[in-house]
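# Coordinates in review
The primary structure of each chain is shown beneath.
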Amino acid sequence: MTSSSMNSDTIVVLGTGGTIAGRADRATDQVGYVAAQLAVADLLTGLGPVSPAGEPWCVETEQVAQLDSKDMSHAVWQDLATRVAQHVARPDVQGVVITHGTDTLEETAYFLHRVLAPAKPVVLTAAMRPATSLQADGPQNLADALSVVATAAQTGAQGVLVTMAGFIHSAWDIRKLHTHRLEAFSSGDAGPLGVMAQGSLRRFRPWETLDPKAQAVSRPYGLDLVQTPVHTWPKVAIVLSHAGLDDTLLRAQLQGWIDAGVRGVILAGTGNATLHHSIKAALEHVDPDRTRLARMLCSRCALGPILRADPDPAAQHLDLSPVQARIELMLRLMRASKVA
Ligand code: SIN
């Protein structure tokens, strides 16, 4: 699959590494492999042409990064957002596919969607088994991602999406729930947006429901916001509520974070986002007038909305995972400091 910018039906595939590009010594090895070994162009070998309506499409590839996604960085997100925005703006490009590791896939998807909310499909895909596996899942996941883009004119697919194990998930709802099953991801109560079967897309709910729970946060932040040097991005840390939480330890940690320049904390509560009393006490101690640390509340439960009778305006909550909430608060702080 080669590139030609004259072709009006072009899909750009951006590689970032992950298990989908991983290699093991033995074809039976599903665990003892090294992620991020194969170039993105090599992942397309053997897939055959993308040709939903007969004419083969042009598929361009670009290696934006090559890493195990546990090591994903803000610098890579900045590059990725920039490259995605540039490609999406090209009239010949119908959409973008991103190959990624599964471990932080939901964070990258959320970041890209909140920054860009692209009108064309930007489809992240990954694999639970390395490319060298006898039963590698990457090729089918990648083929599905390409099909989502190639059929977008008919289906209206848009925004940042994820294809895994035949399902299409939204950047809002997707969560990695399992350490090694092929069906490691879920969209929880919302369910997937659709399924892919034999290159055909069956949609279960409208693409517009990408942002079902948060009209207030659906406006994209825009690429400009994240083009400042990454070392200036506001630091946001995550506090996990748990049994036996030590007040003194937490106070020292919060104070240390403030001293290190942390500007916000995600409070990942138990169940319906309730917090251990030590968290409240420690916050009261280090930040009594609530001016030092912006706060956002979420639940440590993987699934389910937060239902609160007594919302705390000083610790706003959204139905986000702690890692998504960290991104949301960071972007909010960036926008606030830009406006100020
Ligand atoms: C990674 O996230 O890069 C490694 C694990 C995976 O892709 O499943």
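What counts, and at which threshold
Residues numbered from 1 in each chain as written. Predicted model: local features only at pLDDT ≥ 70, side-chain atom pairs only at ≥ 80, totals over all residues. Heavy atoms only, no water. Near = heavy atom within 4 Å. Polar contact = N/O pair within 3.5 Å; in protein donor to acceptor, adjacent residues only side chain to side chain. Areas by Shrake-Rupley, 256 points an atom, 1.4 Å probe, with all protein chains shown as cover. Nonpolar A, V, L, I, M, F, W, Y, C, P; charged D, E, K, R; others polar. Helix = DSSP H or I, 4+ residues; strand = E, 2+ residues; numbered from the N terminus. Buried < 20%, exposed > 50% of the residue type's maximum accessible area, 1.4 Å probe, protein only. Pairing = 2+ DSSP bridges. Axes fitted to C-alpha atoms, helices over the stretch in contact; angles between N-to-C directions. Parallel < 35°, antiparallel > 145°, perpendicular 65-115°, else oblique. Left-handed = near helix turned anticlockwise from the far one by under 90°. Contact = heavy atoms within 4.5 Å.

The next point concerns the site of the ligand. Around the ligand sit Gly18, Thr19, Asp68, Ser69, Gly101, Thr102, Asp103 and Ala127, and that is every residue in its neighbourhood. With respect to the ligand, the side chain of Thr102 contributes an N or O atom lying 2.5 Å from an oxygen atom. In the model, an oxygen atom of the ligand is placed 3.4 Å from a nitrogen or oxygen of the Ala127 main chain. Within the complex, the protein chains bury 95% of what would otherwise be the 250 Å² of accessible surface of the ligand. A breakdown of the residues in the shell around the ligand according to their chemical character gives 1 nonpolar, 5 polar and 2 charged.

A few words now on unusual backbone geometry. In this structure, Gln198 is a non-glycine residue whose phi angle is positive, near 55°. Considering the arrangement of structural elements, one finds Gln198 in the loop between strand 11 (194–197) and strand 12 (200–203). When its relative accessible area of 82% is taken as the criterion, Gln198 is described as exposed. Even without being glycine, Arg290 reaches a positive phi, approximately 55°.

So, on to the pairing of strand 12. When a strand is regular, its side chains alternate between the sheet's two faces. Here 4 bridges tie strand 11 to strand 12, and the two strands are oriented antiparallel to one another. Directly across from Gly194, in strand 12, lies its bridge partner Arg203. Connecting strand 11 to the antiparallel partner strand 12 that follows it, the hairpin turn spans 2 residues, and Gln198 within it adopts a positive phi of roughly 55°.

The next point concerns the packing of helix 6 (residues 247–259) against helix 7 (residues 277–286). Between helix 6 and helix 7, the least distance of the axes is 9 Å, while the angle of their chain directions is 45°. As judged from the angle between their axes, helix 6 and helix 7 are oblique. When the axes of helix 6 and helix 7 are compared, the crossing they make is right-handed. Contacts from Asp247, Leu250, Arg251, Leu254, Gln255 and Ile258 of helix 6 reach helix 7 at Ser278, Ile279, Ala281, Ala282, Leu283, His285 and Val286.

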